[in-house]
Amino acid sequence: MNPGVSQKAIQAKGFWRAQRWLLLRRLSQVLVLAMFASGPWLGVWILKGNLSASLLLDTVPLSDPLTLLQSMVAGHWPATMALVGGAIVLAIYLLLGGRLFCSWVCPVNLVTDAASWTRHRLNLPTRPGNPKGRYAVLAGVLLGAAATGSLVWEWVNPITLSIRVITLGSLTGLWMLLAIFLFDLVIRRDGWCGTLCPVGSFYALVNRFGWLKIRLPAREKCDDCMACYKACPEPQVIKIPLKDIGAEPVIRDPACTLCGRCVDVCPENVFEIGSRRKASEPLQTVEIKP
Amino acid sequence: MRTRRDPKPPVNPARRKAIAQGMQYACAAGLTTLFLGLQSQKGKASGGVWLRPPGALEEPDFLAACVRCGRCVEDCPWDTLGLAEFLSPLATGTPVFNARKVPCEMCEDIPCVKACPTGALDPELTDINEARMGVAVLTDRENCLNLLGLRCDVCYRVCPLIDEAITLELHRNVRTGKHAIFEPTVHSDVCTGCGKCEHACVLEEAAIKVLPRKSAQGELGAHYRISWEQEDAS
């Protein structure tokens, strides 16, 4: 989330086309929160529970596969309702693309995007972290559950904590969200989602088979304005499909969250959100610019 | 190619770097202090005895089974249940209740157990009278009004299993020599630990409290034989 980069895109493409994925994403995130909050606050139960396990419209169980995995390694075999819910969620993200969760559903993204926006506004030079480090955190969460026999990650899991903030009025989750905001603001650029969050790393592992991908049908039009790199929360995923003309013009790096911000901010319409295999032009037709 | 140059005033890179690094160190120190501070606050947390909802598995198993989704909390019609917070003595996000504040109302259909997706609240519990959330203990025999010789009887009257879980045992009042004492007596084989007695106790601080069964009850060594029960069995 870089407040500066969209100006050029807005001039080139108009407000809607330069912001639409961002706005749709915000709409999706707010809808998720609203569906959890409407029950306790208005008595209209759409989603009951939180993002570790919930019940949609009193019929469809949903549960987070990583949470169930922790429960299993901690020594409990979850009941059928939880397993069915986990299978539904896993199937959806396997089919569509795992890290859609991170950018379209997870409420923590609102906080980390706010930190990112503030960081750009204040022009704070912060180092990017190691994007592979998150897999170690994921392993640590599972080992921790196995070693203690408890879902220790849930002590600090900001995802469920933030749902609790809005459903049950729990205030302690705000500490974790504040900590993440500060961490992302001055210590690491997009540090929480990009280098630490074990839920994000789990969904990145699931992200390999998804149907939706960011495609680059017009990469030869790239004029190196760097807007996509500045806007992308995982900028390391862009370089190869954009610059390596031998590579397929599709972002296949599982760290891509499919947030669509690159599509928005590119004034040259290099990117699009599309299917994994679209009958696209063969590789040879890509022009090599002098 | 980018040709436009940002019309910015000249910056002093060394100064900027020093400020940014200072902020980084300050934030790192702040975050560390925050988490260590939370831990120390946890030590100070009190707030009575925390109980698990009906049907909860034994504590080590419960911590592995409960996914902290809070559906039992949302389905509790009496707002008895809440989720433990950072500073609670029990694991964050797990369901708890404080009987002195809101006791379990012993719903016959047990909606909290039905809501649980993982089996952390055992679905085999179908009769709420079989729940064992804890056991009531007359912890303060010095201030209980009944033991002082009055006829308060409130804990006995509110017990959903009156005359089974709590009975009034008649003793002679040795202080006056001529009055009776009606001692509220809990029977652990029947008490569900719902906490209505603790909630209703008229004292400023309840004299009867529901404690987790592990905390309240002793356990005989396996080598002890109770002769009169042995005879019954044979």
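Right above here is the structure, for reference.
Residues numbered from 1 in each chain as written. Chains lettered and ligands numbered in written order. Predicted model: local features only at pLDDT ≥ 70, side-chain atom pairs only at ≥ 80, totals over all residues. Heavy atoms only, no water.

**Student:** An account of the sheet that holds strand 3 (residues 60–63) of chain A is needed here, citing residue identities and associated values.
**Tutor:** Residue and element names in this part refer to chain A. Read across the sheet, three strands follow the order 1-2-3 without closing on themselves; strand pairing throughout is antiparallel. Bordering the open sheet on either side are strand 1 (47–50) and strand 3, each of which pairs with just one other strand. Averaged over all pairs of adjacent strands, the angle between strand axes in this sheet comes to 10 degrees, irrespective of strand direction. When strand 1 meets strand 2 (residues 53–56), the two strands line up antiparallel, connected through four bridges. Along strand 2, the bridge assignment pairs Gly-49 with Ser-54. (Pairing = 2+ DSSP bridges. Helix = DSSP H or I, 4+ residues; strand = E, 2+ residues; numbered from the N terminus. Axes fitted to C-alpha atoms, helices over the stretch in contact; angles between N-to-C directions.)

**Student:** Can you lay out the interface of chain B and chain A for me, pointing to particular residues and giving the numbers?
**Tutor:** On the side of chain A, 48 residues touch chain B, which itself brings 35 residues to the contact. For the pair chain B and chain A, the two sides together bury roughly 3,500 Å², of which 62% comes from carbon and sulfur. At the boundary of chain B with chain A, the tally comes to one salt bridge. Linking chain B with chain A are 14 residue pairs in polar contact (both at pLDDT 80 or more). Per element, the largest residue contribution to the side of chain B that touches chain A is 11 residues, and it comes from helix 1 (residues 13–44) of chain B. Among the residues forming the side of chain B that touches chain A, the class breakdown is 20 nonpolar, six polar and nine charged. (Contact = heavy atoms within 4.5 Å. Buried area = accessible area lost by both parts, 1.4 Å probe. Salt bridge = Lys/Arg side-chain N within 4 Å of Asp/Glu carboxyl O. Polar contact = N/O pair within 3.5 Å; in protein donor to acceptor, adjacent residues only side chain to side chain. Nonpolar A, V, L, I, M, F, W, Y, C, P; charged D, E, K, R; others polar.)

**Student:** Mind laying out the pattern of salt bridges, listing which residues take part and the relevant values?
**Tutor:** Scanning all chains against the criterion turns up 19 salt bridges over all chains. For Asp-190 of chain A, the salt bridge goes to Arg-119 of chain A, with nearest N and O atoms at 4.0 Å. Of this pair, Asp-190 of chain A sits in the loop between helix 9 (173–187) and helix 10 (191–196) while Arg-119 of chain A is found in helix 6 (residues 108–121), placing the two residues 71 residues apart along the sequence. When sorted by exposure, Asp-190 of chain A lands in the same class as Arg-119 of chain A, which is buried. Lys-214 of chain B serves as the salt-bridge partner of Glu-58 of chain B, at 3.6 Å between the closest nitrogen and oxygen. Within this pair, whereas Glu-58 of chain B is found in the loop between helix 1 and helix 2 (59–65), its partner Lys-214 of chain B is found in helix 7 (residues 213–216), the two being separated by 156 residues in sequence. (Buried < 20%, exposed > 50% of the residue type's maximum accessible area, 1.4 Å probe, protein only.)

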